[in-house]
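Chain and residue survey
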Amino acid sequence: MSTTDNAHLNHRQTQIVSALRHLGYVSIEQLAKEHKVTQQTIRRDINRLCDLGLMERFHGGAVASTKAQNIGHEARRKIM
């Protein structure tokens, strides 16, 4: 996926990125409870966000990506 896809994040994905930036780590289990969706739904969201280079997934959650990446203004506005 290219960085232009960032502009197509849904509301939940935007909130996940925001939580990650605030906390430095997000738990799949906690996100599923907060958003009232299944853990599999959160895993799909995190996988997409990882594909975009916004975070890195590991067992049970995700952390901020260590990959430096330029993200366009519109995309940054949507995920902040």
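Residues numbered from 1 in each chain as written. Predicted model: local features only at pLDDT ≥ 70, side-chain atom pairs only at ≥ 80, totals over all residues. Heavy atoms only, no water.

**Let's talk about the pattern of salt bridges**
Definition in use: Should a side-chain nitrogen of Lys or Arg be within 4 Å of a carboxyl oxygen of Asp or Glu, the pair is scored as a salt bridge. Only DSSP runs of H or I reaching four residues or more are called helices, and only runs of E reaching two or more are called strands; each is numbered from the N terminus. Note on exposure labels: buried denotes an accessible area under 20% of the residue type's maximum, exposed denotes more than 50%, and partly exposed covers the range between, all computed with a 1.4 Å probe on protein chains only.
Scanning the entire structure with this criterion turns up two salt bridges. We note a salt bridge from Asp45 to Arg12, for which the minimum N-O separation is 2.4 Å. Residue Asp45 is located in helix H3 (residues 39–51), and its partner Arg12 is located in helix H1 (residues 11–23); the two are separated by 33 residues in the primary sequence. For Arg12, a relative accessible area of 22% corresponds to the partly exposed category. For Lys33, the salt bridge identified is with Glu29, shortest N-O distance 3.5 Å. One end of the pair is Lys33 and the other is Glu29, both in helix H2 (residues 28–35) and four residues apart, which spans about a single turn.

**A few points about the packing of aromatic side chains**
Basically, it comes down to this: Stacked, tilted and edge-to-face are the three classes applied to pairs of Phe, Tyr and Trp rings, where Trp contributes its six-membered ring and a pair requires centres within 6.5 Å; stacked means planes under 30 degrees apart, edge-to-face means over 60, and tilted covers the rest.
Counted under the stated rule, the structure contains one aromatic pair. On the basis of an interplanar angle of 35 degrees and a centroid distance of 5.6 Å, the ring pair of Tyr25 and Phe58 is categorised as tilted. Residue Tyr25 is located in strand S1 (residues 25–27), and its partner Phe58 is located in strand S2 (residues 55–58); the two are separated by 33 residues in the primary sequence. In this structure Phe58 comes out as partly exposed when scored by relative accessible area, which is 36%.

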